[in-house]
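Chain by chain, the residues run as shown.
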Amino acid sequence: MSSSRESRVPSFLRLACVGALLAWPWPAAGAVKAQVAAPPQAGGKPASGAAAAQQVIAQAIASLGAGRATDAIAPLEALTVSQPQNGQAWHLLGAALHMDGQIDRALEVHAKAATFPAVRANALYNLGCAYALKGQTDAAFEALKAALADPGGPPLRSQLVGDTDLVSLRSDARWLELLPPAPPDKPFKEEVTVLHLWHGESAGEQFGWEAVDVGDVDGDGAHDVLASAPFHRAGAAGSAAGGSASASASAGGGSAQNGRVALYSGRSGALLWGRVGAPGEQLGIGISGVGDVNGDGLPDVIVGASSPSSVAPPTADAPAGRAYVLSGKDGALLLALEGEAAGDTFGDQVRGLGDVDGDGHADVAVSAPLHDREDGGLVDAGRVTVFSGKTGALLFALDGERAGDHFGSGLGGGTWSVASGGRAGLLLVGAMDAGDAQRGRVSVYRLDGAAAEAFFDIEAESSGNSLGQFFTSLIGDLDGDGVPDVYASDFADTTLSGSTRGAGGRVYLHSGKDGALIAQLAGRTAGEGFGIGNAQAGDVNGDGCPDLVIGAWTNSEVAPRAGKAYVISGKDRATLATFTCALPGDEFGYDATGLGDVDGDGAIDFLVTAASSNDGGPRAGRVYVISGAGVAGATLR
């Protein structure tokens, strides 16, 4: 993972953002007519020109709704000249200029539109968005506060958290004053028992970008948790404990995003160790448990630091990215793996694969989605490299097929023992811009010793947008054939009808034995972004089949972009439980996985993050461990 989602849109791409138009609440057609129609003349007929103005307004709304802002500008400019008191015309002209990228002109027109009471709230809101895009933070907050204080402003409050024009404001303390109030005594719609809650340390660090089950590090019988905050700045208050992963990943000052990772006990919730990255490297952009690399009997971890060039231009001393294999016991550096070229974003995704080469040590995979393929000069084709966990030596590398595929934007897989006494394995690689119409693809490879053989591909449906972005995994044996099956996510899929404010999401389940489709699951609510996390829940309901836990990070069922997580039966795809957040903007379900039974009650518990939570500062983030007690019989929903 890379950069923020508007942050979670990686530095190379992300979930397609909802356009500014859709963030603006346009009046219904009847309301438009009421605003542009002139008072009737004595004979009851409209005043001259009113019908023509009405037609211009209607056509402009249609053009804006279709994304053709340029088509609307000239007619609206003419209308503001002929009818300078038509507030709706000024408002729509400002919107058209704004959508067309003419922000300086839009500022002037938004300000003019704000002088008309009927559209004042919306115009001030748009003015605030324009100021935010120009980097004029104080003016943006002033306009937004005025918009919300207007009698027509309260409905706009719910749109703040999803408006991509306002991303630059979210780490400012004043942002919290604009958000809808959160219910302090009931953070979830359901009755939910929170076993542990870990908080971000500083504004904007997005703690909980990823959180993973790394196995039992401290020997207490419960699985432990590694969580990351890749946008942490070491100069901010409350930098991570424990110093650096290595000399090259030492804590540093300044405003660059160092990133940090922290390992917690799943049983007690105590911090076991933490590390802070070097300035600009975004330590923790990708994290994974890897199993025992150094032979001490304890599981170890791998941490990516992709050093995106937009944050810290690579130099000879600071390559495009690194991945660090760290001791699970104390965070000591075991291996430092380096990218091949500046700008590769090596370390964007990292995964432990188990023992690929049969030497008794766990091996690792690292992706570089912006790697330029040398043969043919394929820019940003992407690459995935598999390394020996014992020595750090290269085992093999795989490349994307086409320029711009971003092969390696998702990464998963593993190895397992077979009856013959040997080992088998699969490597899963997402390429979010590969395939038909660049809708994305997940490629599955058989692991055979120190090599990989192409097996099958999962292609996106026609409603897909970025299949293979971040999330693909071995989910366990769903179909009972003795081979783990494959999970792949396209949380940007727009399969749901009426999904005009974002994607509902879709996940794919395929046989790991022969590649056959087992099932597809779609999001329940338009815009909820269903499909977040590796989905590996384990057998939650005791029916002998592994189940799934899947995040829907932008679900707005209870509050705007509060988020939700679903626990789903692997056997029949029925919903076993839901956890629906009630905190606006938390984006609960930013990552989701099972954690085993950490409290000893016999039930599998769940690890779910809310990386945009404002608890601890704007977008500081937090990580939950939620009790699975009571999650048993399924109810269809």
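What you are looking at is a predicted structure, and each value in this text was computed from that prediction instead of being measured. (Residues numbered from 1 in each chain as written. Predicted model: local features only at pLDDT ≥ 70, side-chain atom pairs only at ≥ 80, totals over all residues. Heavy atoms only, no water.)

Trainee: Lay out the packing of aromatic side chains with the relevant residues and their values.
Mentor: Scanning the entire structure with this criterion turns up 16 aromatic pairs. Measuring from ring centre to ring centre gives 5.8 Å for Phe470 and Phe471, while their planes differ by 45°; the resulting arrangement is tilted. Across this residue pair, the class does not change: Phe470 and Phe471 are buried. Pairing Phe491 with Trp553 gives two aromatic rings, centres 6.5 Å apart and planes at 90°, and the pair type is edge-to-face. Here Trp553 lies in the loop between β24 (547–552) and β25 (564–568) and Phe491 lies in the loop between β19 (485–490) and β20 (506–510), a separation of 62 residues in the sequence. Residue classification places Phe491 among the buried residues on the basis of a relative accessible area of 0%. Members of the aromatic cluster, connected to one another through ring pairs, are Trp209, Phe231, Phe470, Phe471, Phe491, Trp553 and Tyr590. (Phe/Tyr/Trp six-rings, centres within 6.5 Å; stacked < 30°, edge-to-face > 60°. Buried < 20%, exposed > 50% of the residue type's maximum accessible area, 1.4 Å probe, protein only. Helix = DSSP H or I, 4+ residues; strand = E, 2+ residues; numbered from the N terminus.)

Trainee: I'd love a proper account of the sheet that holds strand β3 (residues 224–229), names of residues and values included.
Mentor: Taken in spatial order, the four strands of this open sheet run β2-β3-β4-β5, and their pairing is antiparallel. A single partner strand is all that each edge strand has here, and the edge strands are β2 (211–215) and β5 (271–276). Averaged over all adjacent pairs, the angle separating strand axes in this sheet is 20°, with direction ignored. Of the strand pairs in this sheet, β3 and strand β4 (residues 260–264) are connected by five bridges, and their pairing is antiparallel. When the sheet's bridge partners are listed, Ala227 is paired in β4 with Ala262. (Pairing = 2+ DSSP bridges. Axes fitted to C-alpha atoms, helices over the stretch in contact; angles between N-to-C directions.)

Trainee: A description of the pairing of strand β21 (residues 517–522) should follow, citing residues and the corresponding values.
Mentor: Sheet topology places β20 next to β21; five bridges connect them, and they run antiparallel. Looking at the pairing, His510 lines up with Leu517 of β21. The turn linking β20 back onto β21 is made up of six residues, and Gly515 within it adopts a positive phi angle of 85°.

Trainee: Would you mind going over the sheet that holds strand β9 (residues 333–338) in detail, with residue names and values included?
Mentor: Spatially, four strands are ordered β6-β7-β8-β9 in an open sheet, and the strand pairing comes out antiparallel. The open sheet terminates on both sides in strands that have one partner only, identified here as β6 (283–291) and β9. The mean inter-strand angle of the sheet, taken between neighbouring strand axes irrespective of direction, is 20°. Inspection of the sheet shows strand β7 (residues 300–305) paired to strand β8 (residues 322–326) by five bridges, in the antiparallel sense. In the sheet register, Val303 faces β8, and the bridge partner there is Tyr324.

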